[in-house]
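Read off the chains here:
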Amino acid sequence: MKDHEIIDLFFERSEQAITELIDKYGAAIKNVASNILKSVQDVEECANDTYLQVWNRIPPTRPKYLGAYSCRIARNICLNRYYSNTAEKRNSFYDAALEELEETIPALSTVESEYDAKELARYLNQFLTKLSRDDRFLFLRRYWYGDGIRQIAQAMGITPHTASVRLFRLRQKLQSYLQSEGMIA
């Protein structure tokens, strides 16, 4: 079933919409969740919370890409659960990916944080559009989906070392780009 047909089911408030969403994007949603959370129970709970939030947001929202929309909701739910689960402890697996970007992206802890976050998102989107398809895939799989280096390297047919080096260079490019745009000093 096509995305627009599933969205139409949501607008009709048909419970079949959830079934179709799970059939089409359930695996992707669980993949996003399992890259962030290691507990099978947490992954299942977050997937179910995602389906509920999609149900509650459509209508009025009519997303252009249902898969990306659902995965973004799943990612946000999982990150909240992840931060809650690891509030007392550090150095867990997902912290590694976040720490890689820590020196590149400025901290947003001022009153202007919401504006700064929107500006940063705009610059990140511009940066990503300038990357090759492979570099964009590498960057997003690591820093958006939270995939491990080995997993990304295998998907791309490269060595983990090559993936790590390319990610390092991409972070340097991002930092230079953000500096040239005046986003960071």
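Above this text you will find the structure in question.
Residues numbered from 1 in each chain as written. Predicted model: local features only at pLDDT ≥ 70, side-chain atom pairs only at ≥ 80, totals over all residues. Heavy atoms only, no water.

Caption draft 1: The packing of aromatic side chains, seen in detail. Counted under the stated rule, the structure contains six aromatic pairs. With 6.4 Å between their ring centres and 75° between their planes, Tyr123 and Tyr177 make a pair best called edge-to-face. A residue pair is termed long-range when its members are at least 10 positions apart, and Tyr123 in helix H6 (residues 113–130) and Tyr177 in helix H9 (residues 160–180) qualify at 54 residues. With a relative accessible area of 9%, Tyr177 lands in the buried category. Between Phe139 and Tyr143 the ring centres are 5.0 Å apart and the planes differ by 65°, which places this aromatic pair in the edge-to-face class. Placement of the pair is Phe139 and Tyr143 together in helix H7 (residues 133–143), with a separation of four residues, close to one helical turn. Residue Phe139 is classed as buried on the basis of its relative accessible area of 5%. Classification of Tyr143 as buried rests on a relative accessible area of 6%. Here the basic side chain of Arg13 rests over the ring of Trp55, its NZ or CZ set 3.8 Å away from the ring centre. Of note, Arg75 hangs over the ring of Trp144, and the distance from its end group to the ring centre comes to 3.9 Å. (Phe/Tyr/Trp six-rings, centres within 6.5 Å; stacked < 30°, edge-to-face > 60°. Helix = DSSP H or I, 4+ residues; strand = E, 2+ residues; numbered from the N terminus. Buried < 20%, exposed > 50% of the residue type's maximum accessible area, 1.4 Å probe, protein only. Lys NZ or Arg CZ within 6 Å of the ring centre and 35° of its normal.)

Caption draft 2: Geometry of the nonpolar core. Grouped together as the largest cluster of nonpolar side chains are 29 residues, with contacts concentrated most on Phe10, Leu21, Ile29, Ile36, Leu37, Ile58 and Leu66. Elements supplying a minimum of two residues to this core: helix H1 (3–11), helix H2 (16–36), helix H3 (40–57) and helix H4 (66–85). Residue contributions to this core peak at nine residues, all from H4. Judged by nonpolar contacts, the second largest core, of 21 residues, contains Leu131, Tyr143, Met183 and Ile184. (Core = buried A, V, L, I, M, F, W, Y, C linked by side-chain atoms within 4.5 Å.)

Caption draft 3: Representation of unusual backbone geometry in the model. Put simply, Ile58 and Pro59 share a cis peptide bond, and its omega is -15°. Note that Pro59 resides in the loop between H3 and H4. For the peptide bond that leads from Pro59 to Pro60, omega is 15°, which places it in the cis range. Summarising the element assignment, Pro60 is placed in the loop between H3 and H4. Unusually for a residue other than glycine, Arg13 sits at a positive phi of about 60°.

Caption draft 4: Representation of the pattern of salt bridges within the structure. On inspection of all chains with the given rule, the structure shows eight salt bridges. For the salt bridge of Glu45 with Arg81, the shortest nitrogen-to-oxygen distance reads 3.1 Å. With Glu45 in helix H3 and Arg81 in helix H4, this pair connects stretches of sequence that are 36 residues apart. Arg141 serves as the salt-bridge partner of Asp147, at 2.6 Å between the closest nitrogen and oxygen. Through salt bridges that share partners, Asp42, Glu45 and Arg81 make up one connected network. (Salt bridge = Lys/Arg side-chain N within 4 Å of Asp/Glu carboxyl O.)

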